[in-house]
2 protein chains.
Amino acid sequence: MNKKIGIVGLGLIGASIALSLKGKVDEILAVDRDEAVIKIAMERKIIDKGSTKPEEILGKVDLVIFALYPSDILNYIVEHKNIWHKGQILMDVAGLKGELVKTVQSLLPDVEFIGTHPMAGREVSGIKGAREELFLGSNFIITPTDKNSVEGLNFVREMALLLGVKNIFEMTPEEHDALIAYTSHMPHLLALALIDNYTQGSEKIIGRSFLDATRVANINERLWSELFLMNKGALSEEIDKIIGKLLNFKEKINKDDRIGLEEKMKGIKALKERIDK
Amino acid sequence: MNKKIGIVGLGLIGASIALSLKGKVDEILAVDRDEAVIKIAMERKIIDKGSTKPEEILGKVDLVIFALYPSDILNYIVEHKNIWHKGQILMDVAGLKGELVKTVQSLLPDVEFIGTHPMAGREVSGIKGAREELFLGSNFIITPTDKNSVEGLNFVREMALLLGVKNIFEMTPEEHDALIAYTSHMPHLLALALIDNYTQGSEKIIGRSFLDATRVANINERLWSELFLMNKGALSEEIDKIIGKLLNFKEKINKDDRIGLEEKMKGIKALKERIDK
């Protein structure tokens, strides 16, 4: 791709994007507030050029990717609004889209901002966790609005394919946030709740179901507190819904309703098979 | 090992045990009520000899392994009590131990019965799912009581090592059942509840956390209904406990308690790291 890419924030996601795009684009430039991180990125040849000063670098790139904590992105974009100009695409990779996409697009109508969510992560944060293959086989969500151009969206789609993602799905920012409470926030919250219930001696009796269900409890507490709080409404609803399901199971169990349990499990198994297809 | 092993039930676990022990013991004999299953096992050379008639086979073996549905084991042992004799070890592999171990040991004081729980499984049931490597690296639980002999327990330990298990842990049958509600029944129940909450369109936005958390929702409904119902008390308690944890998170989220959330997540992450060691 004959483009220059600028990345803001060389954490797990930003540095993994740099590694994945390396050699596939004209130039990769990066900004991080931490000089030491820039130094590591240069030494490992993760990026072509880096700086702690955005104005030195970001004016010259075709695509700026904001890979910061969700709560920092809006401030960052507004604070450096003199850098952005027509013809550039701005894109973020935060796990929540609704408020951010709406606000940036209304505050900065003259530049194009595209919301995305690459659905990949690891239990190791920061540049040390970065992996070239992080996005291989994953889902990549784009949340276009009527403020986006066909060219801008095509550019972002092309970039996502260079990352090696398996599927690119598009939906509204609002739809994204409602669904993500179910598919991502709940599994993380359940993993936390399971570990929070830790019982002395239980590590002797752990099998794969427990390990899989609690893998993500090794969590980035700043990121996930932000995601939970920024998606409060949808997540609260999901919590109530899962509690309802658990109480329904508990009732069947306490009533010795073996037929009811088997029927329920059969239905869930069929649904699971359909989802997995 | 210079021993003859008899397996009752060539389902996922029974047939995987046969495959794992193949060539490492003198002879593997098996009983299954389904003639077709015996035929498959003979053709694939999973067993040395098989029959649908337990009296033809099981009197001659040193160790009888009952790999039936939990609710069938007690009846089976009692129904065929004329086959068992002193010098033989009887062993089961069911996922619940308390009632079964106590009842068999009191009803049949003249034979030695040892409760075990090999912590391994797959989402494919029956002989078609059997794998030689099913137990590799897994935990194997033995629940000895004062009715068991040193020789009997050593025999079972030796057999477990032949299966390739990583750890052998010992605990009382009651301790096993209390802990298993937490480490195994809850992850399975949460996987079911998550899929039960399925929201239209959400398959577009699934990441690894959801896939891992719901893997076991592809469930054997008969087995898991039995396990849930037989461990009703402990499981109900765990359901109440996890609901309490979820409500605590919900409260913090709705109060915008970012510091409280981050502190809680930090504590959980530290606990998770300790458990994983």
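A. Summary view of the relation of the copies chain B and chain A. With an axial shift of 0.0 Å and an RMSD of 0.0 Å, the rotation relating chain B to chain A amounts to 180 degrees. Those values place the two copies in the arrangement expected of a two-fold rotation axis. Relative to the rotation axis, the closest C-alpha in chain B is found at Ala 213 of chain B, a distance of 2.2 Å. Both copies share a contact surface, since 100% of the interface residues of chain B are interface residues in chain A too.

B. Structural view of helix 5 (residues 98–107) of chain A. Residues of helix 5 of chain A that are buried include every one of Gly 98, Leu 100, Val 101, Val 104 and Gln 105 of chain A, and no others. Buried residues in helix 5 of chain A make contact with helix 4 (70–79), strand 5 (89–92), strand 6 (112–119), strand 7 (139–143) and helix 7 (173–196) of chain A.

C. Summary view of the sheet that holds strand 8 (residues 167–170) of chain B. All names here are of chain B. Taking strand neighbours across the sheet as the criterion, the 8 strands line up as 3-2-1-4-5-6-7-8 in an open arrangement whose pairing is mixed. The open sheet has two edge strands, strand 3 (49–51) and strand 8, and neither has a second partner. Sheet twist, expressed as the average angle between the axes of neighbouring strands with direction ignored, equals 25 degrees. Of the strand pairs in this sheet, strand 7 (residues 139–143) and strand 8 are connected by 4 bridges, and their pairing is parallel. When the sheet's bridge partners are listed, Asn 139 is paired in strand 8 with Asn 167. On the sheet, helix 5 (residues 98–107) packs against strand 5 (89–92), strand 6 (112–119) and strand 7 and is oriented at approximately 160 degrees with respect to strand 6.

D. Spatial organisation of the packing of aromatic side chains. Counting across every chain of the model gives 8 aromatic pairs over all chains. Seen in terms of ring centroids, Phe 66 of chain A and Tyr 76 of chain A are 6.1 Å apart; in terms of plane orientation they differ by 65 degrees. Their pairing is edge-to-face. Linking Phe 66 of chain A in strand 4 (residues 63–66) with Tyr 76 of chain A in helix 4, this pair joins segments that are 10 residues apart in sequence. The pair Phe 66 of chain A / Tyr 76 of chain A is uniform in exposure class, with both members buried. Taking 5.9 Å as the distance between ring centres and 75 degrees as the angle between the ring planes, the aromatic pair formed by Trp 224 of chain B and Phe 228 of chain B counts as edge-to-face.

E. Main features of the packing of helix 11 (residues 258–276) of chain A against helix 7 (residues 173–196) of chain B. In the contact formed by helix 11 of chain A and helix 7 of chain B, the axes pass within 9 Å of each other and the chain directions differ by 70 degrees. Viewed along their axes, helix 11 of chain A and helix 7 of chain B adopt a mutual orientation that is roughly perpendicular. Handedness of the helix 11 of chain A/helix 7 of chain B crossing: left-handed. Listed contacts from helix 7 of chain B to Lys 264, Met 265, Ile 268, Leu 271, Lys 272 and Ile 275 of chain A of helix 11 of chain A are Leu 192, Ile 195 and Asp 196 of chain B.

F. Up close: the pairing of strand 7 of chain B. Residues and elements named next belong to chain B. Buried residues dominate strand 7, accounting for 5 of its 5 residues. Burial of the side chains of strand 7 extends over both faces: Asn 139, Ile 141 and Thr 143 are buried on one face and Phe 140 and Ile 142 on the other. Where strand 6 and strand 7 come together, 5 bridges link them in antiparallel fashion. Its bridge partner being in strand 7, His 117 is matched across the sheet by Ile 141. One crossover worth recording links strand 7 to the parallel strand 8 by way of helix 6 (residues 150–163), and it is right-handed.

G. Local environment of the environment of Val 150 of chain A. With respect to the secondary-structure elements, Val 150 of chain A resides in helix 6 (residues 150–163). For the pair Val 150 of chain A and His 185 of chain A, spaced 35 residues apart in sequence, the C-alpha separation works out to 31 Å.

H. Molecular detail of the domain arrangement of chain A. All names here are of chain A. By the assigned domains, chain A splits into domain 1 (4–170) and domain 2 (176–276). Domain 1 and domain 2 are separated by 31 Å when their C-alpha centres are compared. Listed as interface residues are 14 residues of domain 1 and, on the opposing side, 14 residues of domain 2. In this assembly, domain 1 packs against domain 2 so that about 1,300 Å² is buried in total across both faces, 61% of it on carbon and sulfur atoms. It is Tyr 69, Leu 96 and Glu 123 that lose the most area in domain 1 upon contact with domain 2, and together they represent 51% of the buried surface on that side. Where domain 1 packs against domain 2, one counts 2 salt bridges. Arg 222 is the salt-bridge partner of Asp 72, the closest N and O atoms lying 2.9 Å from each other. Our enumeration of links across domain 1 and domain 2 arrives at 7 residue pairs in polar contact (both at pLDDT 80 or more). Within the residue set of the side of domain 1 that touches domain 2, elements represented by two or more residues are helix 4, strand 6 and strand 7.

About the cut-offs
Residues numbered from 1 in each chain as written. Chains lettered and ligands numbered in written order. Predicted model: local features only at pLDDT ≥ 70, side-chain atom pairs only at ≥ 80, totals over all residues. Heavy atoms only, no water. Least-squares fit on C-alpha atoms with pLDDT ≥ 70 in both. Contact = heavy atoms within 4.5 Å. Buried < 20%, exposed > 50% of the residue type's maximum accessible area, 1.4 Å probe, protein only. Helix = DSSP H or I, 4+ residues; strand = E, 2+ residues; numbered from the N terminus. Pairing = 2+ DSSP bridges. Axes fitted to C-alpha atoms, helices over the stretch in contact; angles between N-to-C directions. Phe/Tyr/Trp six-rings, centres within 6.5 Å; stacked < 30°, edge-to-face > 60°. Parallel < 35°, antiparallel > 145°, perpendicular 65-115°, else oblique. Left-handed = near helix turned anticlockwise from the far one by under 90°. Right-handed = clockwise from strand over helix to strand, strands pointing away. Domains from an automatic or database assignment. Buried area = accessible area lost by both parts, 1.4 Å probe. Salt bridge = Lys/Arg side-chain N within 4 Å of Asp/Glu carboxyl O. Polar contact = N/O pair within 3.5 Å; in protein donor to acceptor, adjacent residues only side chain to side chain.

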